[in-house]
Protein chains: 2
Amino acid sequence: GVRNLAMDKVAETVLFPCKYANSGCSLRFLHNEKRKHEETCEFRPYACPCPGTTCRWQGSLDEVLDHLLNAHKTITTLNGEDIVFLATDINLPGAVDWVMMQCCFEHHFMLVLEKQERHEGHQQFFAVVQIIGTEKQAEQFRYKLELVDSRHGRKLAWEAKPRSIHDGISQVISGNDCLIFEPSMAQHFGENGNLAINVTIGRVCY
Amino acid sequence: GVRNLAMDKVAETVLFPCKYANSGCSLRFLHNEKRKHEETCEFRPYACPCPGTTCRWQGSLDEVLDHLLNAHKTITTLNGEDIVFLATDINLPGAVDWVMMQCCFEHHFMLVLEKQERHEGHQQFFAVVQIIGTEKQAEQFRYKLELVDSRHGRKLAWEAKPRSIHDGISQVISGNDCLIFEPSMAQHFGENGNLAINVTIGRVCY
Ligand SMILES: [Zn+2]
Ligand SMILES: [Zn+2]
Ligand SMILES: [Zn+2]
Ligand SMILES: [Zn+2]
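In what follows, the accompanying structure is described. Please read these numbers as outputs of a predicted model, since none were measured by experiment. (Residues numbered from 1 in each chain as written. Chains lettered and ligands numbered in written order. Predicted model: local features only at pLDDT ≥ 70, side-chain atom pairs only at ≥ 80, totals over all residues. Heavy atoms only, no water.)

Here's the deal with the coordination of the zinc ion (ligand 4)
Link 1 in the chain: Coordination of the zinc ion (ligand 4) by the protein is provided by C48 of chain B (SG), C55 of chain B (SG), H67 of chain B (NE2) and H72 of chain B (NE2), with metal-donor distances spanning 2.0 to 2.3 Å.
Link 2 in the chain: Taken together, the four donor atoms surrounding the zinc ion (ligand 4) define angles of 103 to 120 degrees at the centre, an arrangement classified as tetrahedral. (Donors = N, O, S within 2.8 Å, 3.2 Å for Na, K, Ca; no water. Tetrahedral: all angles 85-135°; square planar, octahedral: opposite > 155°, others 65-115°.)

Concerning the relation of the copies chain A and chain B
Link 1 in the chain: Taken as rigid bodies, chain A and chain B are interconverted by a rotation of 180 degrees and an axial shift of 0.0 Å, the fit giving an RMSD of 0.1 Å. Given the turn and translation reported, the copies of this chain are related as if by a two-fold rotation axis. No C-alpha of chain A lies nearer the rotation axis than that of A157 of chain A, which sits 2.5 Å from it.
Link 2 in the chain: Mapped onto chain B, 100% of the interface residues of chain A are again interface residues, and the two copies thus contact each other with one and the same surface. (Least-squares fit on C-alpha atoms with pLDDT ≥ 70 in both. Contact = heavy atoms within 4.5 Å.)

Examining the coordination of the zinc ion (ligand 3)
All names here are of chain B.
Link 1 in the chain: Here the zinc ion (ligand 3) is held by the protein donor atoms C18 (SG), C25 (SG), H37 (NE2) and C41 (SG), which lie 2.0 to 2.4 Å from it.
Link 2 in the chain: Classification of the site at the zinc ion (ligand 3) as tetrahedral follows from its four donor atoms and the range of 103 to 114 degrees in their angles at the metal.
Link 3 in the chain: Given the relative accessible area of 6%, C25 is considered buried. (Buried < 20%, exposed > 50% of the residue type's maximum accessible area, 1.4 Å probe, protein only.)

Quick notes on unusual backbone geometry
Link 1 in the chain: Within the chain, F105 of chain A stands out as a residue other than glycine whose phi angle is a positive 55 degrees.
Link 2 in the chain: If you trace the backbone, F105 of chain A turns up in the loop between β7 (96-104) and β8 (107-119). (Helix = DSSP H or I, 4+ residues; strand = E, 2+ residues; numbered from the N terminus.)

A look at the sheet that holds strand β11 (residues 154-160) of chain B
Link 1 in the chain: Across the sheet, eight strands lie side by side as β6(A)-β14(A)-β10(A)-β11(A)-β11(B)-β10(B)-β14(B)-β6(B); this open sheet has antiparallel pairing. Edge positions in the sheet fall to β6 (82-87) of chain A together with β6 (82-87) of chain B, since each of these pairs with one other strand and no more. Sheet twist, expressed as the mean angle between neighbouring strand axes with direction ignored, is 20 degrees.
Link 2 in the chain: Sheet analysis places β6 of chain A next to strand β14 (residues 195-203) of chain A, joined by six bridges and oriented antiparallel. The residue of β14 of chain A that forms the bridge with V84 of chain A is N198 of chain A. (Pairing = 2+ DSSP bridges. Axes fitted to C-alpha atoms, helices over the stretch in contact; angles between N-to-C directions.)

If you want it as structure tokens, here you go:
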């Protein structure tokens, strides 16, 4: 009707505030652009970064580490720039996640290895380092993941900027911004069903 | 019948020479073990190592290089331990092969990039360095393949012993003894539909 048309006209020209205005976002959007922004707004809450859990926790960045240490006590933390992320029982069937934390440069990083069937009937492993921090903080770092098969002189390595935990792990995987390898490749590099991933985190020097 | 049974008994105990005895193999086998040996006998002929062609050439190792230079003139050769293998038009649909030769340490190496659908509905890239030489000669070397996306600070690297061209490329791929990556990963590292692979070959120091 005429009234809807009039309302549409209003919606086309009025600017609405982002729904995270109370958290600090000062941006305003046309109605049809508002939702798209809110999905990636830097003031949106942080979801629990534990992959494969059904944890529904959300909160501010300051609260994430406390949440992890209290609600997910089984996650191991190692200190240092250069550590070994040991994933055990990599031959377990189905979709499986391995998680640990690495603490260095006064930041905590989440190391995630995920086995899933992104292509039907074809499982793959995906490994990534995420910073418990903002995307801006992530910019200051680089990480390296390395699989070594010293018996055959083989090595597979991936270097990249850490992702912020603000992006979910599924976004990292769908964007291929991670080390990807086949289960049969994991066999080359694994031993007794366990896979050791060397993780090195460094600060970027500009 | 009785006669067949008698023949079977003979076959079970008589040793037959390898069919490459004239080429230098001095081994002898029970009938049922002979074929298996011949498939990997070091004296078997070398097949043309060009992937994706229908070339049926076979010959001795000494003749392979001449064959390649005469019958496959389009293959580029670069000299040096450290070269760039530029694969053009990586977005071409279907199964595609890219080949070039690298000459260093007084040996010729074949660089092969193959795009194929090993898992149904899921194309992947496979890259490997093969030596135009024996498996024993391959033992003296290591190679590194590196994809670099300097814009995002990303790097993917694979190190391994070169394979001998005596093994076919399909054996290399089915054994996962190569760098494997997704088409979407090729997009990260490619530019204008071309993909540059840094190839470094080194001699092993024991
Ligand atoms: Zn916002
Ligand atoms: Zn949680
Ligand atoms: Zn033989
Ligand atoms: Zn040929």
